[in-house]
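Observations on chain architecture
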Amino acid sequence: MPEYREKTDAGGSYNSGTPDGSRPGVFYYNSYDLPSRSKPESETLYLHEAVPGHHFQISLAQENEALPSFMRFGGNTAYAEGWGLYAESLWKELGVESDPYFRFGGLNDEMLRAMRLVVDSGIHSKGWTRDQSIQYMLDNSGMSRTDATAEVERYIAIPGQALAYKIGQLTILKLKARAQAALGDKFDPREFLKPAREAAKLVCKARFEAFGTAGNASKIKPIGLDKIAASYKSGALNQIIR
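Every value quoted in this text rests on a predicted model; they were computed, and no experiment measured them. (Residues numbered from 1 in each chain as written. Predicted model: local features only at pLDDT ≥ 70, side-chain atom pairs only at ≥ 80, totals over all residues. Heavy atoms only, no water.)

1. As for the packing of helix H2 (residues 42–49) against helix H5 (residues 77–88)
Here H2 crosses H5 at 135°, and the two axes come no closer than 7 Å. Considering their axes alone, H2 and H5 lie oblique with respect to each other. Taken as a pair, H2 and H5 cross one another with a handedness that is right-handed. Facing Thr44, Leu47 and His48 of H2, the residues of H5 in contact are Glu81, Gly84, Leu85, Ala87 and Glu88. Classifying every residue of the contact of H2 with H5 gives three nonpolar, three polar and two charged. (Axes fitted to C-alpha atoms, helices over the stretch in contact; angles between N-to-C directions. Helix = DSSP H or I, 4+ residues; strand = E, 2+ residues; numbered from the N terminus. Parallel < 35°, antiparallel > 145°, perpendicular 65-115°, else oblique. Left-handed = near helix turned anticlockwise from the far one by under 90°. Contact = heavy atoms within 4.5 Å. Nonpolar A, V, L, I, M, F, W, Y, C, P; charged D, E, K, R; others polar.)

What follows is the structure, given as structure tokens:
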């Protein structure tokens, strides 16, 4: 982690590479105040930030020249971080967190996501103070004060971010449940990864095209989960996306 960022940055982060490969993507582990860092959470952190999380997600988007630039190089929190949280949920399928020590780290991170909903809402809706928010996180988790302080200051600066994380994750999980119900024994979680990654872009792409033509995106109706699930079952989702 670069020194200028380490004191206020999260425990881990990802910095994307370039589309032409001249600069690689980098997964950063924050070693500032190293004794306070939690080793059990290292595997779930890798799932979120690296593989199959942001590194796969962002790299594949950048390589897809069919997408408009704001989707290749930008993104919204619900999609980007929803994918990161979804990636964490794949620990069992990918054979990580097999040790109870590291599985505890995954569960502790799930507790963090729940606490963030409380703190995000508390600060921006209930008038919670910085110190009150930090203390809440310390009282309800195994976080160090260094981590809790960096997290809370981030929520102060970015209202609604923690809520957007969970909205994205729950939407992807809902898509997955619909696909599982539709396909039954034929459901393959490996094949779901691409449709799930692309499904989050469907409405965004339709609205972009509307702005580019008629300039009236408000008339574009969102593509519902039922249509996405049916398209996945029939193999037509890729045609919708393209």
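Continuing now.
2. Section: helix H6 (residues 100–125)
With 26 residues, H6 should cover 38 Å at 1.5 Å per step; its first-to-last C-alpha distance of 37 Å lies within 8% of that length. In this structure Asp99 caps H6, since a side-chain oxygen of it lies 2.7 Å from the backbone nitrogen of Tyr101. Once H6 finishes, Gly127 follows within two positions and takes phi at roughly 75°, a positive value. (Expected span 1.5 Å × (residues − 1). Polar contact = N/O pair within 3.5 Å; in protein donor to acceptor, adjacent residues only side chain to side chain.)

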